[in-house]
Amino acid sequence: MNLVFLVWQYLKFRPLTTVLNILLLGLGIAVITIMVLSNLQLQRNISRNAQGIDLVIGAKGSPMQLILSSIFHVDVPTGNIKIRDAERFAKGALVKQSIPLALGDSYRSFRIVGTDKRYAGLYSAELAQGKWWTRSMEATLGSVVATRTGLKTGDRFSSAHGLTSGGHEHDEQTYQVVGVFAATGSILDELILTNIESIWQVHDLWTAADQQRSQQDTIPLLTRSPIVPVIMRGDSVREITSLLIQYRSALGAVQLPRIVNSNSTMQAASPVFETARLFSIIGSGADLFLAFAYLLILIAGISIFIALYNSLRERRYDMAIMRTMGASRIKLFVAVLVEGIVMSVAGSFAGLALGHIALAAVPFWFEQTEKAGITGWYFHPFELILVSGSALLGVVCALVPAVEAYRTDISDILAENN
Amino acid sequence: MPAKLTANDTNGIQVTLKRGGHSPYNSQFSALNSQFNPYLQTVISVANLSYAFNDAVALRFPDFEVVQGDHLLLTGQSGSGKTTLLHLIGGLRRNYKGSIRIDNTELSSLTSSTIDRFRGGRIGFVFQRNHLIPALTVEDNLRMAPYLAGIPIDDARVDQLLNRLDLTHQRQKRVHQLSQGQAQRVAIARAVLNRPAIVVADEPTSSLDDNNCRRVIDLLLQVAGENSSSLLVATHDRRLMDRMKKQIILS
């Protein structure tokens, strides 16, 4: 027998009221949990996926679309750019590193990315099995791709045109899986990496003769393309989707985007700027949800107050009897406070559980949330603040009823009820 | 005209006291106890006691003493101050004038925080309505008494009382599942669980038929006797008149 036991028995005695109050508060907490945790995960994953990428150069169009397609792989690219045009910005005093990407095909909705090994290096990728791709039509899979498709080293598969399932299949050219990356917790886990020549080969832009020439390594060093060294500089036929740039210095951030945007047929988009813009767009919708959540919590607070107040009126005689048995005023005061705290903390835990379950379930319906790296298994110290805040809410809601309990005049109550 | 108060004991000695006055019979009435029970400890001692409700005229009570194991009936018409006197003795009402000593402790010397624990350990209450806590089982209703009084819970004592009052099979039941008689027995068990020096009962039989009235008063007398508790019963129920050793009639 202790105070918490006593309070728990009272809460159990009014199960409907208790559960409804806990649920009401839980719903508010759940909405806040979903909004805050998804936002935090999104920010974390965006910064993880965009690490080492200061600028993306691609075809003209929506800069946000370019960022979403080239870094987060959630939108269609704005188009392709000529190798010849991209070469102007691939090297120079402002550029420390430039990584080409060739997109357009997929396998069972997983994107096939033509690139070089530096792209995997952005995410500190390591092999879990097999080896890195070295030749055309060899592919190394991200960990999620391997798990979901069941592909393993040595298997072959055909790519489909387009970035979603259902596109035309390139049956005549099959990829061979040569390795699988260990999980990185980044977008890389959801990609199939190969070299750019593979993408060209599937689209008849890379022939057996080209392949043979590249293997013979006959192109003079100075005339090689700085983007794809197996072809000559200034190639006017072949294309890539985008170029991921890392600045050599802060000066690059000042000059390069302006040069690209004003002196070429391409556009330069900054991941930092575009993701900030994205968050500001998402933010206005999120604010609406958060306002709704705070309203729910306010209603829950009022409901807990009413429940405690009514319950106290019903229990005036119980309280008087407890006083005759030796309970002090302070003990009854604390008992009512504890009741408020137990109800609100239970509501916060229910809300946190609901929030995590919802976040875990969402990827089953919306594939994009999985690509954004949103999971129900992400925990953050913010949740402790939610629990503490709920406890405080319980104290506030219980304060007036607790003072009433403290001021209970036992003699009058006993006299009027006996 | 001052109200009259009568004290009576089972030996047929009839004492009439005037409220507000210090009658020579007061000391005679007190002396009766010590005369017949020279070795028993005085557990209640009331002297020069009066109490005023707000601006109303003060109720004045007779001086009397109750020794260990004694049974005293407070009777009188409605409004005569029976319940008020019980509440004063139980420390439920304060700001009285005069003296109330329980177990040689002057109640007015206790602070509002210490009087609760003092009451919990020394006085058990039984009311007309059973007033058990409906959210708790029978067993937990009993266990709550020592818990609230700050006394270690004696499970063997709980078992013994449940067994003694034929409530063993009801121990896990909620209050609403009990008959009126069972609930009354639980209330009595709760009142005596802490082995209080005094058991105070306020109209314990008023709503009961003759059979149940007899059972309840028998039980109160028995369990109070088993614990050497003094029993103080306030009632206007005339059926109890011949069951108690001593009576004070407030009129």
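Residues numbered from 1 in each chain as written. Chains lettered and ligands numbered in written order. Predicted model: local features only at pLDDT ≥ 70, side-chain atom pairs only at ≥ 80, totals over all residues.

### Things to note about the overall build of chain A
Quick reminder of the rule: In DSSP terms, a helix is any run of H or I states spanning at least four residues, a strand is any run of E spanning at least two, and both are numbered starting from the N terminus. In this description the radius of gyration comes from C-alpha coordinates, and the expected globular size is given by 2.2 Å times residues to the power 0.38.
Helix and strand counts for chain A come out as 15 helices and 12 strands. A compact globule built from 418 residues would reach a C-alpha radius of gyration of about 22 Å, whereas chain A, at 31 Å, exceeds it by more than 25%. Overall, chain A is about 110 × 45 × 30 Å in size when its C-alpha atoms are taken along their principal axes.

### Here we look at the overall build of chain B
Filter applied, for reference: To assign burial, the other C-beta atoms lying within 10 Å of each residue's own C-beta are counted, with C-beta atoms placed from the backbone; 20 or more indicates buried, 12 or fewer indicates exposed, and intermediate counts indicate partly exposed. Each residue is represented by a C-beta atom placed from its backbone, and any two residues with such atoms within 7 Å are regarded as in contact.
Along its length, chain B carries seven helices and 12 strands. The 251 residues of chain B split such that 49% are buried. Contacts spanning at least 24 positions in sequence make up 70% of the contacts within chain B whose residues lie at least 6 apart.

### With respect to the environment of B:Val66
Residue and element names in this part refer to chain B. With respect to the helices and strands, Val-66 occurs in strand 5 (residues 64–67). Val-66 gets classed as buried once you count the C-beta atoms within 10 Å, which come to 25. Considering only alpha carbons, one finds Val-66 and Val-138, 72 residues apart in sequence, at a separation of 32 Å. Not counting residues up to four positions away in its chain, the partners in contact with Val-66 are Val-43, Ile-44, Leu-72, Ser-230 and Leu-232.

### Some points on the packing of helix 12 (residues 329–365) of chain A against helix 14 (residues 382–406) of chain A
Residues and elements named next belong to chain A. Stated formally: To get an axis, a line is fitted to the C-alpha atoms, and for a helix only the part in contact is used. The angle between two axes follows their N-to-C directions and goes from 0 to 180 degrees. Geometric relationships in this document are graded by angle, where less than 35 degrees denotes roughly parallel, more than 145 denotes roughly antiparallel, 65 to 115 denotes roughly perpendicular, and other angles denote oblique. For any pair of crossing helices, the crossing counts as left-handed if the nearer helix is rotated counterclockwise from the farther one by less than a right angle, and right-handed if it is rotated clockwise. Polar here means any residue other than Ala, Val, Leu, Ile, Met, Phe, Trp, Tyr, Cys and Pro, which are nonpolar, and Asp, Glu, Lys and Arg, which are charged; Gly is therefore polar.
Where helix 12 meets helix 14, the axes come as close as 7 Å, and the angle between the chain directions of the two elements is 150°. As judged from the angle between their axes, helix 12 and helix 14 are roughly antiparallel. The element helix 12 and its partner helix 14 pack so that their crossing is right-handed. Across the contact of helix 12 with helix 14, the residue classes break down as 19 nonpolar, six polar and three charged.

### Considering the pairing of strand 7 (residues 156–161) of chain A
Residues and elements named next belong to chain A. Cut-off, in case you're wondering: For two strands to pair, DSSP has to find at least two bridges joining them.
Of the strand pairs in this sheet, strand 3 (residues 95–107) and strand 7 are connected by two bridges, and their pairing is antiparallel. By the bridge assignment, Asp-105 is partnered in strand 7 with His-161. By the bridge criterion, four bridges tie strand 7 to strand 8 (residues 169–181) in an arrangement that is antiparallel. Paired with Ala-160 across the two strands is Glu-169, which belongs to strand 8.

### Remarks on the interface of chain B and chain A
Across the contact, 31 residues belong to chain B and 20 residues belong to chain A. At the level of elements, helix 2 (82–89), helix 3 (112–122), strand 9 (123–127) and helix 4 (138–149) of chain B are the ones that each hand at least two residues to the side of chain B that touches chain A.

### Description of the confidence of the model for chain B
All names here are of chain B. To keep things clear, this is the line we draw: Confidence of the prediction at every residue is given by pLDDT, a number between 0 and 100.
In the predicted model, chain B carries a mean pLDDT of 81, and the fraction of residues at 70 or more is 84%. Taken as a whole, residues 1–35 scores under 50 in pLDDT and shows 56 contacts with residues more than four places along the chain or in a different chain. With pTM at 0.75, the complex prediction returns an ipTM value of 0.81.

### Some words on the pairing of strand 11 (residues 230–235) of chain B
Residue and element names in this part refer to chain B. Among the six residues that make up strand 11, six are buried, leaving the element largely enclosed by the rest of the structure. Residues Ser-230, Leu-232 and Ala-234 of strand 11 are buried on one face, and the alternating residues Leu-231, Val-233 and Thr-235, pointing to the opposite face, are buried as well. Bridge analysis of strand 6 (residues 71–76) against strand 11 gives five bridges, and the strand direction is parallel. Note that in strand 11 the partner of Thr-75 across the bridge is Thr-235. As paired elements, strand 10 (residues 198–202) and strand 11 share five bridges and run parallel to each other. The residue of strand 11 that forms the bridge with Asp-202 is Ala-234.

### Observations regarding helix 4 of chain B
In plain terms, the rule: Each helix should span, by expectation, one fewer than its residue count multiplied by 1.5 Å.
Across its 12 residues, helix 4 of chain B extends 18 Å between first and last C-alpha, which sits within 8% of the 16 Å expected from 1.5 Å per residue. Taken across its 12 residues, helix 4 of chain B has 12 buried, putting it largely inside the fold. By the burial criterion, the buried members of helix 4 of chain B are B:Val138, B:Glu139, B:Asp140, B:Asn141, B:Leu142, B:Arg143, B:Met144, B:Ala145, B:Pro146, B:Tyr147, B:Leu148 and B:Ala149. Among the structural elements, helix 1 (3–13) and helix 11 (316–324) of chain A together with helix 3, helix 5 (155–164) and helix 6 (180–192) of chain B are those in contact with the buried residues of helix 4 of chain B. Two residues or fewer past helix 4 of chain B, B:Gly150 is found with a positive phi of approximately 75°.

### What to know about unusual backbone geometry
All names here are of chain A. The phi dihedral of Ser-109 falls on the positive side, at around 75°, and the residue is not glycine. By secondary structure assignment, the location of Ser-109 is in the loop between strand 3 and strand 4 (110–115). Judged by C-beta crowding, with 17 C-beta atoms within 10 Å, Ser-109 ranks as partly exposed.

### Description of the nonpolar core
This is how the line gets drawn: We define a nonpolar core as a collection of buried residues of the types Ala, Val, Leu, Ile, Met, Phe, Trp, Tyr and Cys that are connected via C-beta atoms lying within 7 Å of each other.
Formed by 119 residues in total, the largest nonpolar core has its most connected members in A:Val336, B:Ile188, B:Ala189, B:Val199, B:Leu220 and B:Leu232. Here this core takes 11 residues from helix 12 of chain A, the largest share from any one element. Core analysis: the second largest hydrophobic core is formed by 65 residues, A:Ile57, A:Leu101, A:Ile187 and A:Leu244 among them.

### Re the environment of B:Gly79
Residue and element names in this part refer to chain B. Topologically, Gly-79 is positioned in the loop between strand 6 and helix 2. Residue Gly-79 is classed as exposed on the basis of its 10 C-beta neighbours within 10 Å. Spatially, the C-alpha atoms of Gly-79 and Ser-251 are 8.8 Å apart, while their sequence positions differ by 172 residues.

### Brief notes about the packing of helix 10 (residues 271–314) of chain A against helix 14 of chain A
Residue and element names in this part refer to chain A. Running from amino to carboxyl end, helix 10 crosses helix 14 at an angle of 20°, the nearest separation of the two axes being 9 Å. The pairing of helix 10 with helix 14 is recorded here as roughly parallel in orientation. Seen from above, helix 10 lies across helix 14 with right-handed handedness. Contacts between helix 10 and helix 14 pair Gly-301, Ile-304, Phe-305, Leu-308, Tyr-309 and Leu-312 from the former with Leu-393, Gly-394, Cys-397, Ala-398, Val-400, Pro-401, Glu-404 and Ala-405 from the latter.

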